[in-house]
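Single-letter residue listing:
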Amino acid sequence: MPDKVQIKVTVNGVEHHNEVEPRLLLVHYLRETLGLTGTHVGCDTSQCGACTVHLDGQAVKSCTMFAVQADGCNLTTIEGLGSAGNLHPVQEGFWEMHGLQCGFCTPGMIMAAVDLLNKNPQPSEAEIRHALEGNLCRCTGYHNIVRAVQYAADKMAGKIGAAADD
Amino acid sequence: MYTAEFTYKKAGSISEAISLLQQHPDAKLLAGGHSLIPTMKLRLASPPALIDISKVAELRGVRLEGDHLVIGAMTTYHELETSDLLKQHCPIIPQAVHLIGDPMVRAKGTIGGSLAHADPAADLPASMLALDAKIKVQGPGGARVIAADNFFTGMFSTAMQEGEILTEVHVPVRAGARMAYAKFPHPASRYAVVGVAVVADGGSVRAAVTGAGEHAMRLSKLEQALAGKPLTAENITAACQGLLPPDHLNHDLVASKEYRAHLVDVMARRALMQAAGL
Amino acid sequence: MADKLFGKAMKRVEDPRFITGTGNYTDDMTLPGMVHAAMVRSPYAHARIKKIDVSKARSYPGVLAVITGQEMKDAGINGIPTGWLHPGIKTPPHYAITFDKARHVGDIVAAVIAETRQIAEDAAELVEVDYEPLPAVALGSDALKPGAPAVHDDVPDNVCFTWSIGDKAAVDAAFASAHKTVKLNLRNNRLVPNAMEPRASLAQYLKASDEYTLWTTSQNPHIHRLLIAAFIMGIPEHKLRVIAPDVGGGFGSKIYQYPEEIIVLYAAKKLNRPVKWTARRSESFVTDSHGRDHETVAEMAVDQSGKITAVRVDTIANMGAYLTTFAPAVPTYLYGCLLAGTYTTPHIYCHVTAPFTHTTPVDAYRGAGRPEATYLLERLVDVMAHELGMDPVEFRRKNLIPPDAFPYQTPVALQYDSGNYEANLDKALELVNYKALRQQQEEWRKQGRYMGIGVITFIEACGLAPSALVGSLGAQAGQWESALVRVMPTGKVEVFTGTHSHGQGHETAFAQVVADELQIPVEDVVLVHGDTGRMPYGWGSYGSRSAPTGLSAIVLATRKIIDKAKKIAAHLLEASPDDIVHEDGKFMVKGVPDKAKTFFDIALMAHLAHNYPADLEPGLEATHFYDPKNFVFPFGTHIAVVEVDPDTGKVKLLRYLSVDDCGPVINPLIADGQVHGGVAQGLGQALLEEAVYDKEGQILSGNFLEYTLPRADDMVQIEHDHTVTPCPHNPLGIKGIGEAGTIASTAAVANAVMDALRPFGIVHLDMPYTPEKVWRAIQATKPLSQAAD
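Residues numbered from 1 in each chain as written. Chains lettered and ligands numbered in written order. Predicted model: local features only at pLDDT ≥ 70, side-chain atom pairs only at ≥ 80, totals over all residues. Heavy atoms only, no water.

Colleague: Mind showing me how you'd approach the domain arrangement of chain C here?
Modeller: Many authors give the size of an interface as the accessible area that is lost as the parts come together. Residues and elements named next belong to chain C. Domain parsing of chain C yields domain 1 (17-134 + 197-248 + 254-287), domain 2 (294-464 + 630-779) and domain 3 (480-626). Using C-alpha coordinates to define each centre, domain 1 is positioned 36 Å away from domain 2. On the domain 2 side, the residues contacting the 30 residues of domain 1 number 29 residues. Regarding the contact of domain 1 and domain 2, the summed buried area is about 2400 Å², with carbon and sulfur atoms giving 69% of it. Of all residues in domain 1, the largest losses of buried area upon contact with domain 2 belong to Trp-84, Tyr-256 and Phe-285, amounting jointly to 30% of the total for that side. Where domain 1 touches domain 2, the interface holds zero salt bridges. (Domains from an automatic or database assignment. Contact = heavy atoms within 4.5 Å. Buried area = accessible area lost by both parts, 1.4 Å probe. Salt bridge = Lys/Arg side-chain N within 4 Å of Asp/Glu carboxyl O.)

Here it is in structure tokens:
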């Protein structure tokens, strides 16, 4: 059996040191080693985006990386984005605009949307749709996901006040 | 979802990567991993070792050196897409890269990984050919430069030799050149069913297509048809007819040979119209 | 008391857990000592299994067991039954692990249980199966040809069943005397449901009590418990608890009893360790029951006045290799009975032949039979309108069932209870500005641009009922629903439903209604679902039944609570129960508002029973089992506008508008969301999706690289509105909305594409309208001189 590799990663602000098999995918490291099950696995061909997390501030597919590749990196998962009572504007947007139904694609979708708004704070509808090309949703027809991202963009630009009741 | 077991080595420099490759001759180089890892997950590939070169600093970044741009092999698509140097001197690369995969793929995928993998449906090879780029590779015997025209030799195969690493891409700067990439994406995978890159410089046009055949290739019939002619809608439309015979083209669920051949004409026309501002 | 919540676009109460990554899906669960299963699956569509050598896999470090079909059969595990029978139907056994032959790609031939998933997957590759590949058949009509390879030895002609409905002689006579007839050969493309959460199952066995728990991705846990207990494993029903925790979408595919659930239960007992299995997407593609897959000849006849006189349909409905739970119902009662649509067609006949093939089983997928019926009917209507030189909208209008004709008895068994189709159509036409669209289409055509407008009207029969009727039609299940409403001493309320929410927002919408009924804050209500250990019973969620059937049961249970609360209030207020009114959140003596008790007062006293009516049971909870009198019949008008690029054949959606009538809308945010998602799925069928098999039964589009699921940039913002025609026979007048979008949009988009292609003289193409298919059709109609353009 190949040697295990020592890695150090910071996940949601917490530093972790683990010895991992080289073949351990980052998504399995997050879900199984760290118990962060908010990041999901929806396919095995790197297409669905349910596993999207932020690696050093940029959205990546955690199913298409080995944990060893994240050695020394800073990761944010859906659990680290915001919490009930202190939601990220994108999380708030998904809630306000009914941008989710079954919730399975949602963490990846939210992480991809945050990445978009980090790069392009006021995207057009077409830009939103293009930026979400790597995230599949089977429930919403994307209609309310687009609205959720628009809501978040407006909120981050200060165009919307505090959410009504959360 | 699990790959077979393998040994993992991380290279800190080009020379370390070359020597690791000598120690593990069956190893695969790991760049962005977005072609390699999916095939390993499906166990279509099970290399005994991976040598991670993605963090080699000397392989990263875009810089202007005299009359050409130097792009490090491990420069990510995202870096290419947002590079001011490229937007200014070689806009076809950011434009083509914007159409690759999705933002997460672009965050990890690299130009060197893409070119070395030589997927027949990858986007960038067409632009490399149209730009007359040079590809620098380095091995135990030293470095050499391969013209893009000679680089792609077949489906998933290149002129690189065992033990060599793709280190840089050199793109000549052509002031005033007009360039564009038109792509017909696969509806599911979003790879190129057909993608045509054109670079019009003075009276000459260089054009290349990806997705159509075993590897990206120049569209010499188109180049000849437009040589010395102004890029008018009439000339473009007249030139974009029957550019490739269907016989040797790829075919799959999405596109037969005949349809691919037709798409080559259409995408060539659209790329030229865009380049010409029509 | 706050305003009524019914009709309010309340944010969902389930969302905080999902948007913070704290949902609890089956694969998220870990139990102490848990081990993992990986399946060895046949790479062949049809092969004899000559020998299985598990020795290498068994001796691989970390492997705990390698289970074969023979072992499970010897242990007395039976095959998986279907839940719907027709007269003469053939039901060959469907073993969780096959041992004689593999009958489709993905059929399980062995299961490896190991300490980790990595080890299980490694060892699965070491199981040596000696296959003798056999000829296979994938297309339904090919399976019916003489000499076709038999899927099951005891069904040599591959005919699982035949079925028909309607008066054939009357239909034939109507055709014989018709003014005009049209005929279409249609292929309804096979689809892969692709809920985003892959299926997963986790089984635990407790030796001391001989009890099993199965956590599984299910839309209907009680059905699993019943099938496993009574038919498959013989586990006493009270010793098996089935829990469907958060489930990431179903669309039908998580109704069925799947082999992996049996395997993990068997292995959990064998090893006395919890066993988990989670599908890889590539497994989902070949094992989750598929949808649609019809080959149909459809005909329509009209009289001189342009009234439809008859519809005649002959369909081959591919069943795949085995019958899953509701498969026989889908291309029959959920299809043939829908062929009247919204029209007054007096004579309808439908004949169905259902063959086995060497493909993944086919069963209900969102809409289930109704999209197939709507598609063929609405295609016929458009083609006939064109044939008559009529605007397709006017032809529809001429044939719509008028509002004063309800209840309306169709010639195919269903009696529609209510409807107002023309008003709904008019609203949609006005919203979309149909006349202006047609003008724009004319102008574009002059410029060489090809816009298409598809207008369809549809009905959806959902909430199958009553149980006696569905039983007489072959259902091996009841179709009533249960509800238990439990009021706690502090006035908080738990509502237990037998339906299951896996995206539909029941936790919110149902709580809104309960809060209204009991006149209490919605925060005081929690909905509990998906656990056989907690609710009285339930038949689950599918067929848009949760609101009309499940919520109706809840409402009737809350009304029992109110009746009892009035008796308690009457005692406390020293009044007659008849004089107690329930208003403003209080139980008060009529006309004496200061003589009142709060819901909390009543709840507390019901539990203390200190000052209490002598003849009344303590406690405050009520159960109701609700068996509806009839189906419910939502309807609507959907309009798609597309543009075809004649250069590439690519179809672009420009606009999509729907006006649905699902009765009174409980929560517009949720109801509209159901329509949006449904529309995307139906559009997927029309433009993008197809499970393509080759002649050898290999699926060629078996992953997301080849199978096109709609992505964000394939869709547009959907314009959506409602009309409201209440259902006359349930307490809230509500109807279903879960499937409407899918039932309608496939036909709307199909008609739009065909409308765009009309200038080329193209009458019909089969879905999906992929670019090459459209381009080729255009090429075939162009004179050669133009073909090179």
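Colleague: Would you mind showing me how to read the side chain of C:Asn318 here?
Modeller: Residues and elements named next belong to chain C. Examined against the element boundaries, Asn-318 turns out to sit in the loop between β14 (308-317) and β15 (347-355). Within the structure, the side chain of Asn-318 is placed 3.1 Å from the side chain of Asp-293, a separation counted as a polar contact. Looking at Asn-318, its side chain comes within polar contact range of the main-chain nitrogen of Gly-320, at 2.8 Å. For Asn-318, the contacting residues outside a window of four places in its chain are Ala-138, Leu-139, Gly-140, Arg-190, Asp-293, Pro-355, Thr-357, Thr-359 and Val-362. (Helix = DSSP H or I, 4+ residues; strand = E, 2+ residues; numbered from the N terminus. Polar contact = N/O pair within 3.5 Å; in protein donor to acceptor, adjacent residues only side chain to side chain.)

Colleague: Explanation requested: the environment of B:Ala233 in the structure shown.
Modeller: Residue and element names in this part refer to chain B. In this structure, Ala-233 sits in helix α11 (residues 233-239). The class for Ala-233 is partly exposed, based on a relative accessible area of 35%. Considered as a pair, Ala-233 and Ala-276 are 43 residues apart in the sequence and their alpha carbons are 8.7 Å apart. Those residues in contact with Ala-233 that lie beyond four places of it in its chain are Met-273 and Leu-278. (Buried < 20%, exposed > 50% of the residue type's maximum accessible area, 1.4 Å probe, protein only.)

Colleague: Hey, could you run me through the interface of chain C and chain B in this one?
Modeller: Every contact between the two is made by 27 residues of chain C and, on the other side, 22 residues of chain B. Buried area between chain C and chain B, summed over both chains or domains, comes out near 2200 Å², and the portion from carbon and sulfur atoms is 51%. On inspection of chain C and its partner chain B, the count reaches eight salt bridges. Across the pair B:Arg190 and C:Asp714 runs a salt bridge, and its minimum N-O distance is 3.3 Å. There are 17 residue pairs in polar contact (both at pLDDT 80 or more) connecting chain C and chain B.

Colleague: What am I meant to see in the environment of C:Tyr707 here?
Modeller: Looking at where C:Tyr707 falls in the secondary structure, it is placed in the loop between α18 (668-688) and β28 (719-722). What makes C:Tyr707 buried here is its relative accessible area of 1%. Measuring from C-alpha to C-alpha, the distance between C:Tyr707 and C:Ala691 comes to 7.1 Å, with 16 residues separating the pair along the chain. Beyond its immediate chain neighbours, meaning those up to four positions away, C:Tyr707 contacts A:Arg138, B:Ala188, C:Leu191, C:Val192, C:Asn194, C:Phe285, C:Glu689, C:Glu690, C:Ala691 and C:Ser701.

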